[in-house]
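Analysis of the macromolecular model
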Amino acid sequence: MVRRLIQFIIIYAVIAIAAAAVFIGVQNVMSATYSPDRSDSFKDGEEPLSIVSLAGEQAAIIGRYTTGANAGMLFCKLYDRDGRNASRQDFYLSDTQIEICDLIVVGRQLKIVCLCTPWNAGADKYGAVFTVDPDDPAGETVFFRGDAYGSTGVSFDDFVAADNDGSYFAGIAGRTVVLFNSGGGQLARVMTDTFSVVTDVASDGSQILLAGTDAESSLGNSFRYGLCALYDIVGSDATLRWQKTVMDEENTCSAVLNAKIAEDGFILTGRTLAVEGSAWQSVNRIESFKKDDDPRRFHIGRDADKANPTSLFLLKIERDGSIPHSAIYQADTNEYVPGILRYDPQSVNSIVLSVYSAEAEYSKEYLVTLMRMTKTLQFTDADSFPVSGDTGLLCTRDYAGAGLYMCVIAPGGETYRILYFTSMDDAVNHMETLKKLRPVRDFYFTLRQKTPVLIVLGFALMLSVSGAARARNRKKKSKNKT
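Parameters and conventions
- Residues numbered from 1 in each chain as written.
- Predicted model: local features only at pLDDT ≥ 70, side-chain atom pairs only at ≥ 80, totals over all residues.
- Heavy atoms only, no water.
- Core = buried A, V, L, I, M, F, W, Y, C linked by side-chain atoms within 4.5 Å.
- Buried < 20%, exposed > 50% of the residue type's maximum accessible area, 1.4 Å probe, protein only.
- Helix = DSSP H or I, 4+ residues; strand = E, 2+ residues; numbered from the N terminus.
- Contact = heavy atoms within 4.5 Å.
- Pairing = 2+ DSSP bridges.
- Axes fitted to C-alpha atoms, helices over the stretch in contact; angles between N-to-C directions.
- Arc of directions from axis to C-beta.
- Phe/Tyr/Trp six-rings, centres within 6.5 Å; stacked < 30°, edge-to-face > 60°.
- Lys NZ or Arg CZ within 6 Å of the ring centre and 35° of its normal.

1. Re the nonpolar core
The biggest cluster of nonpolar side chains holds 21 residues, and the ones touching the most others in it are Val 368, Phe 385, Leu 393 and Met 406. When residues of this core are traced back to their parent elements, those giving at least two are strand 25 (351-358), strand 26 (365-373), strand 27 (379-388), strand 28 (392-397), strand 29 (404-409), strand 30 (416-421) and helix 3 (424-449). If one sorts the elements of this core by residue count, helix 3 sits on top with five residues. Those residues in contact with Leu 393 that lie beyond four places of it in its chain are Tyr 356, Tyr 366, Val 368, Phe 385, Val 387, Met 406, Cys 407, Val 408 and Ile 409. Listed in part, the 18 residues of the second largest apolar core include Leu 54, Ala 60, Cys 76 and Phe 91.

Here is the structure:
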């Protein structure tokens, strides 16, 4: 009996040790993805909003505090390729709400372009650019106000970077645009009544391109097609060189949402929507266009009811107004329509399209797809990887364009971890592995919660086995005596 009991205990222990080894190995892999590095710290409900890569093998997380005394403040945390937190910098303006409008990377520097809204009712909105520099922890903050013309001051609706390196910025107030240099000095003011809304601005200091939508009337409360106009800057004046509508096809309406400087011209991106006849659209629809252009907005597959889906378009427009290259993703032929993730003029594959797609709302899993295009808008390749439905994810190509940074936000959104992969293949393989290991880890947690019950059941089973053995021995002895 004792020998049988010892054998049972040994077998039970071997199975338990083997299972524990498997679960611990799986948990180590999952922890290396979901658990933050020991060097990292979190406070006041950190909500990561964006991730960008800098020269010098670093990535920056830009986000907002959501709870505690710092609620509403912005933060920027720098990480190395091992996911270790190198520094933290907070941004706050007294009695003012700060909204991130643009991010500009210049080597090791990051410029956070913001629109500032004072809490004081009636005060003008203005722009601010915060600089994050690993070599200068103090950074620099420059303010941009539209009050240089006295009584004709401007309260901005939006504030954007006008070029790729932070030399020029623009404040937008309806159909009025104020162009600034990097120090906050005003270079020119453009007022136009041919736009219903100006959505973005691109400038090299000698010319300025306005992008947005056309106007049905001087009221500017409706639009039909995307519109862009190029102005020459002479002194503080801006002289119109040309303007043209884009994506002005029958039974569609369109809006240009983004304009970036490119070689010998500009890259325009925007959205189109199928409409009946020649109906003009309310400018309120532009907000839904902007939401569709957010790469982190989930796009649901064909099985879901989706009213008025939009399509994505990209245009290369020369400085003479010609359009040599174009690309469009039609909503009626593509299950998911991507958003613009990043435009990098220094990279051969300069445009990265991104889409987060799922079969249905609240799916257990969603798919992240990154697609790359050249400066001539030629599609090159695409990669997709799965992510668990309770996990948040931000990603960006590294500064050199080869590797990939990921910000994996743990379930619950209270912590996150930075991962770096030297190639897209490594990133895809890692996420595929996590998909396979996730059920094992979930089973491990369930099993760990039930460990006391399993121990009791194990001992009960051992006692029953030993009891049955004793009963058989007694029967054998009684038979032998008989």
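2. Some thoughts on the sheet that holds strand 6 (residues 109-118)
Sheets are built from strands paired through backbone hydrogen bonds, the pairs being either parallel or antiparallel. The strand order 5-6-7-8 describes an open sheet built from four strands, whose pairing is antiparallel. If you trace the sheet from one side to the other, it starts and ends with strand 5 (96-106) and strand 8 (136-144), each paired once. Adjacent strand axes in the sheet meet at a mean angle of 20° when their direction is disregarded. Looking at chain direction, strand 7 (residues 126-133) and strand 8 are connected through six bridges and run antiparallel. What sits directly across from Thr 131, in strand 8, is Glu 140.

3. With respect to helix 2 (residues 285-292)
Structural remark: α-helix, 3.6 residues per turn; residues separated by three or four positions point the same way. Within helix 2 the residues assigned to the buried category are Ile 286, Phe 289 and Asp 292. The buried side chains of helix 2 occupy one side of the element, clustering within an arc of 110° when seen end-on.

4. Some details on the packing of aromatic side chains
If you walk through the whole model with that rule in mind, you get 16 aromatic pairs. Here the aromatic rings of Phe 144 and Phe 159 are separated by 5.1 Å at their centres, their planes lie at 40°, and the arrangement is tilted. With Phe 144 in strand 8 and Phe 159 in strand 9 (residues 158-161), this pair connects stretches of sequence that are 15 residues apart. Both residues of the pair, Phe 144 and Phe 159, belong to the buried class. Seen from their ring centres, Phe 159 and Phe 169 are 6.1 Å apart, and the 10° between their planes marks the pair as stacked. Note that Phe 159 is positioned in strand 9 and Phe 169 in strand 10 (residues 168-173), a separation of ten residues in sequence. Among the aromatic side chains, those forming a connected cluster through ring pairs are Phe 144, Phe 156, Phe 159, Phe 169 and Phe 180. Positioned over the ring face of Phe 42 is Lys 77, at 4.4 Å from the centre of the ring. Across the ring face of Tyr 126, the terminal group of Arg 145 is positioned such that the distance to the ring centre comes to 3.9 Å.

5. Describing the pairing of strand 10
Counting buried positions along strand 10 gives five out of six residues, so the element sits mostly inside the fold. Sheet topology note: the strand 9/strand 10 ladder contains four bridges and is antiparallel. In the strand pairing of strand 10, Asp 158 is matched with Ile 172. Counting the residues in the hairpin turn of strand 9 and strand 10 gives six residues, including Gly 166, whose phi is positive at 80°. Pairing of strand 10 with strand 11 (residues 176-181), which is carried by six bridges, proceeds in the antiparallel orientation. Bridge pairing links Phe 169 to Phe 180 in strand 11.

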